[in-house]
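# Examining the three-dimensional arrangement
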Amino acid sequence: MNQLNIRNFFLVGLFLFSIAIMAQQKDTTAIVNKEITSLREVENDSATLQAENVIDLSAVDSIPDNDFILIRSDKTKKYDLKDHAEAARYDSLWMKELIANAPLFDEIYEDVTTLEPDSTYVLDLNTDTLKLRLEKLNQKTPFNVAYNPSLENVIKSFLTRRRGLMQRMLTTSQFYFPLFEQQMDNHNIPLEMKYLSIVESALNPKARSRVGATGLWQFMYGTGKMYKLDVTSYVDERSDPIKSTEAACKYLSKLYDIFGDWDLALAAYNSGPGNVNKAIRRSGGYKNYWNIRRNLPRETAGYVPAFLATMYIFEYAEEHGLKGQKVDRAYFETDTVHVKSLITFDQISELVGIGKEELKILNPSYKLNAIPYVEGKNYTLRLPVSHIGKFVANEEAIYAHVEKELNSKESPLPQLVKQAEEERIRYKVRSGDYLGKIAERYGVGVSQIKRWNGLRSNDLRVGQRLTIFPRKQPVASVRPKETPAKSTISSNTKVHEVRSGDSLWTISRKYPGVSIENLRKWNGISGNNLKPGTKLKLCDCSS
């Protein structure tokens with residue numbers, strides 16, 4: 001028998017022997033295969049930030065702290081699934097890059113809001129060459145990319161004054177752009193719109209402007225709520241990369257439906273469609289951005305040029321010697337799990353063995369470094385796949401630890417106050433008011449009032465309107481008396497007829513001694529929705 005036949009005979013024998021062994025272990029191995037498949041699915045996702053499949057480790061009894069350990073049902077053997085060393089190194093590099101990138105927002109915000117498109121900057125960039133490049137860009141994008149001296153000045157400004165920032169964006173964009181492109185493709189939006197995120201936030205999910213616009217796409221409070229982005233004292237989904245990107249795509253699509261022009265949609269995204277309409281009227285009916293630019297607010301006048309300049313720099317980065325760090329794997333692998341109890345980042349960091357800064361990067365929508373638990377809502381914790389197994393397999397122990405700390409005298413857990421939208425008030429600043437006085441009156445913090453209203457300083461002006469989520473009613477002596485709305489059904493039963501704009505909170509404020517819980521109990525109300533014309537009892541008439 002020659003060597004080849006011997007080798008083939010040996011391989012066939014080894015194969016048959018393996019089948020026999022596998023048949024004996026079929027039941028126990030199936031459990032492990034299920035878990036391995038679950039983990040491998042994450043690797044196959046080209047945009048892992050969007051993976052929403054929670055790893056099911058229900059068959060796992062326990063997992064040590066050192067790594068993924070899947071334990072067989074017979075508890076006799078362990079399967080140790082190690083991470084790839086090179087992949088783990090990429091993950092670590094990404095975390096460092098994203099954490100270091102956070103402070104860049106102030107630079108781009110300052111540039112866009114104070115940009116002088118007509119100022120001249122010195123740079124060795126031939127005007128004819130620039131015209132040719134812009135024409136090539138114009139041919140492949142629905143934006144109106146046409147040369148004009150103002151755009152040339154902005155491009156030269158970014159290539160001189162913000163060269164370092166743009167180079168950093170070339171690296172960070174590799175992490176976020178795949179997510180943006182997928183959503184934009186889903187909503188039939190030009191893929192070049194991804195560059196808007198650099199102008200808006202310098203790719204910082206926690207970015208917040210002086211007027212309160214927040215997140216990668218800089219949503220104001222009202223616009224965020226319009227597109228179903230949850231904003232409470234604990235959570236701000238304007239900072240959630242996935243949810244805010246989807247909302248931005250819907251908003252941009254709506255603006256394009258209004259104006260039929262992507263340049264004008266951009267201008268409206270920044271200043272509001274009302275200001276764009278005014279600029280069109282004041283210009284005499286022109287609808288080209290460059291023709292109405294002088295009639296737009298100053299910030300918006302530099303907004304579209306900043307976007308087009310960013311697009312140009314990214315498309316011609318190599319020609320200008322800009323080189324970001326090339327990342328072989330432009331994402332890292334994460335997964336999510338729904339929380340079943342209020343839990344802080346400190347506790348997760350301690351119990352699962354993950355850095356707090358990494359938690360902030362992966363979960364940017366949580367404002368107080370804590371994930372709340374609210375019945376009826378699904379708040380999720382995002383972790384690297386190298387840590388998610390530890391959390392899922394030890395959930396009972398983790399939540400028991402959390403509950404123990406919550407019940408302790410020195411609990412590190414802040415109490416979650418459910419702030420229904422109906423309980424929000426608008427306070428008008430009066431003469432003699434200051435933030436500390438208003439905060440004390442409503443049982444909230446000065447920092448909270450500043451955060452809710454996008455305030456950078458403590459200065460207030462008489463007549464200014466503030467959004468407040470009160471935690472207590474102001475004392476009766478401070479609150480001006482209001483005449484209760486009609487009226488009485490009988491001499492012993494007070495009632496309130498619900499009017500448009502009424503809520504349980506506003507009604508309870510009108511009647512001393514009547515709380516929201518009283519109104520719910522006396523009238524059989526479980527939620528917060530009230531129908532105008534409904535008559536509410538203002539006492540316990542059964543007693």
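Predicted, not measured: the structure shown is a model, and the values here were computed from it.

A count of helical and extended segments in the protein chain gives 23 helices and 11 strands. Buried residues in the protein chain amount to 48% of all 543 residues. Taking contacts inside the protein chain between residues at least 6 apart in sequence as the whole, the part at least 24 apart equals 68%. Counting every atom, the protein chain has about 28100 Å² of accessible surface; 49% of that belongs to carbon and sulfur.

Here the focus is the packing of aromatic side chains. Geometry of an aromatic ring pair is reported as the spacing of the ring centres plus the angle between the planes. For the structure on display, the rule yields 18 aromatic pairs. Relative to Tyr176, the ring of Phe175 has its centre 4.8 Å away and its plane inclined at 85°; by these criteria the two rings are edge-to-face. Per residue, the accessibility class of Phe175 equals that of Tyr176, and both read buried. Following the ring pairs from residue to residue traces out a cluster consisting of Phe175, Tyr176, Phe177, Phe180, Tyr195, Trp217 and Phe314.

Another aspect to go through is unusual backbone geometry. In this model, Ala202 sits at a positive phi of 55°, which is unusual for a non-glycine residue. With respect to the element layout, Ala202 can be found in the loop between helix 8 (196–201) and helix 9 (221–226). Positive phi is not limited to glycine here, since Gln218 has a value of about 50°. Residue position: Gln218 is located in the loop between helix 8 and helix 9.

Here strand 7 (residues 425–428) shows a buried face lined by Ile425 and Tyr427 and an unburied face lined by Arg426 and Lys428. Pairing of strand 7 with strand 8 (residues 465–468), which is carried by 4 bridges, proceeds in the antiparallel orientation. Considered in strand 8, the bridge of Arg426 is made with Thr467.

The full count for this structure, using the stated rule, is 11 salt bridges. In this structure, Glu152 engages Lys156 in a salt bridge whose closest nitrogen and oxygen atoms are separated by 3.1 Å. Placement of the pair is Glu152 and Lys156 together in helix 6 (residues 149–161), with a separation of 4 residues, close to one helical turn. Of the residues examined, Glu152 reaches a relative accessible area of 7% and is grouped as buried. Residue class for Lys156 comes out buried when judged on its relative accessible area of 11%. Across the salt bridge formed by Lys250 and Glu246, the nearest N and O atoms sit 3.7 Å from each other. Placement of both Lys250 and Glu246 in helix 10 (residues 241–259) is noted, with a separation of 4 residues, approximately one turn of the helix. Overall, the relative accessible area of 32% leaves Glu246 in the partly exposed class.

This part is about the environment of Gln183. For Gln183, the location among the structural elements is in helix 7 (residues 163–186). Judged by relative accessible area, which is 8%, Gln183 ranks as buried. With 63 residues separating them along the chain, Gln183 and Glu246 place their C-alpha atoms 6.2 Å apart.

Here the focus is the confidence of the model for the protein chain. Per-residue confidence for the protein chain gives a mean pLDDT of 75; residues scoring 70 or more make up 68%. Averaged over each element, pLDDT in the protein chain is lowest for strand 1 (residues 68–71) (34) and highest for helix 10 (95). Long-range and interchain partners of residues 415–422, a stretch whose pLDDT sits below 50, account for 20 contacts in this model, where long-range means more than four residues apart. Residue range residues 476–493 is modelled with pLDDT below 50. Its contacts to residues more than four positions away, or to other chains, number 25 contacts.

Now for helix 23 (residues 516–523). Considered for burial, the residues of helix 23 that qualify are Ile516, Leu519, Arg520 and Trp522. Summarising the contacts, the buried residues of helix 23 are in contact with helix 22 (504–510) and strand 11 (535–537). Phi turns positive one or two residues past the end of helix 23, at Gly524, with a value near 65°.

Let's shift gears to helix 5 (residues 127–139). With 13 residues, helix 5 should cover 18 Å at 1.5 Å per step; its first-to-last C-alpha distance of 19 Å lies within 8% of that length. For helix 5, the complete set of buried residues consists of Leu130, Arg133, Leu134 and Leu137. Relative to the axis of helix 5, the buried residues are bounded by an arc of 100° and lie together on one face. Seen from the buried face of helix 5, the exposed residues on the opposite side, beyond 90 degrees, are Asp128, Leu132, Lys136 and Gln139.

With that settled, the discussion passes to the pairing of strand 6 (residues 380–384). The element strand 6 is extensively covered by neighbouring structure, given that 4 of its 5 residues are classed as buried. Examined bridge by bridge, strand 3 (residues 334–338) and strand 6 share 5 bridges and lie antiparallel to one another. Note that in strand 6 the partner of His338 across the bridge is Thr380.

With that settled, the discussion passes to the packing of helix 18 (residues 385–393) against helix 19 (residues 395–407). The N-to-C vectors of helix 18 and helix 19 enclose an angle of 75°; their axes lie 5 Å apart at closest approach. Taken together, the axes of helix 18 and helix 19 are roughly perpendicular relative to one another. For the pair helix 18 and helix 19, the contacting residues are Phe391, Val392 and Ala393 in the first and Glu395, Ile398 and Tyr399 in the second. Of the residues in the contact of helix 18 with helix 19, the class split is 5 nonpolar, no polar and 1 charged.

What follows concerns the environment of Pro297. Examined against the element boundaries, Pro297 turns out to sit in the loop between helix 13 (289–292) and helix 14 (298–301). Put simply, Pro297 and Asn270 are 27 residues apart on the chain and 9.7 Å apart in space, counted from C-alpha to C-alpha. Residues contacting Pro297, with those up to four places away along its chain left out, are Ser271 and Asn275.

Turning next to the packing of helix 7 against helix 15 (residues 303–315). With their axes 11 Å apart at the nearest point, helix 7 and helix 15 run at an angle of 85° to one another. By the angle class used here, helix 7 and helix 15 are roughly perpendicular. Across the interface between the two elements, Met166, Met169, Leu170, Ser173 and Phe177 of helix 7 pack against Thr310, Ile313 and Phe314 of helix 15. Its residues placed into classes, the contact of helix 7 with helix 15 shows 6 nonpolar, 2 polar and no charged.

Moving on: the environment of Ala267. With respect to the secondary-structure elements, Ala267 resides in helix 11 (residues 262–271). Ala267 sits 12 residues away from Leu255 along the chain, and the two C-alpha atoms are 9.6 Å apart.

What counts and what doesn't
- Residues numbered from 1 in each chain as written.
- Predicted model: local features only at pLDDT ≥ 70, side-chain atom pairs only at ≥ 80, totals over all residues.
- Heavy atoms only, no water.
- Helix = DSSP H or I, 4+ residues; strand = E, 2+ residues; numbered from the N terminus.
- Buried < 20%, exposed > 50% of the residue type's maximum accessible area, 1.4 Å probe, protein only.
- Contact = heavy atoms within 4.5 Å.
- Areas by Shrake-Rupley, 256 points an atom, 1.4 Å probe, with all protein chains shown as cover.
- Phe/Tyr/Trp six-rings, centres within 6.5 Å; stacked < 30°, edge-to-face > 60°.
- Pairing = 2+ DSSP bridges.
- Salt bridge = Lys/Arg side-chain N within 4 Å of Asp/Glu carboxyl O.
- pLDDT = per-residue confidence, 0-100.
- Expected span 1.5 Å × (residues − 1).
- Arc of directions from axis to C-beta.
- Axes fitted to C-alpha atoms, helices over the stretch in contact; angles between N-to-C directions.
- Parallel < 35°, antiparallel > 145°, perpendicular 65-115°, else oblique.
- Nonpolar A, V, L, I, M, F, W, Y, C, P; charged D, E, K, R; others polar.

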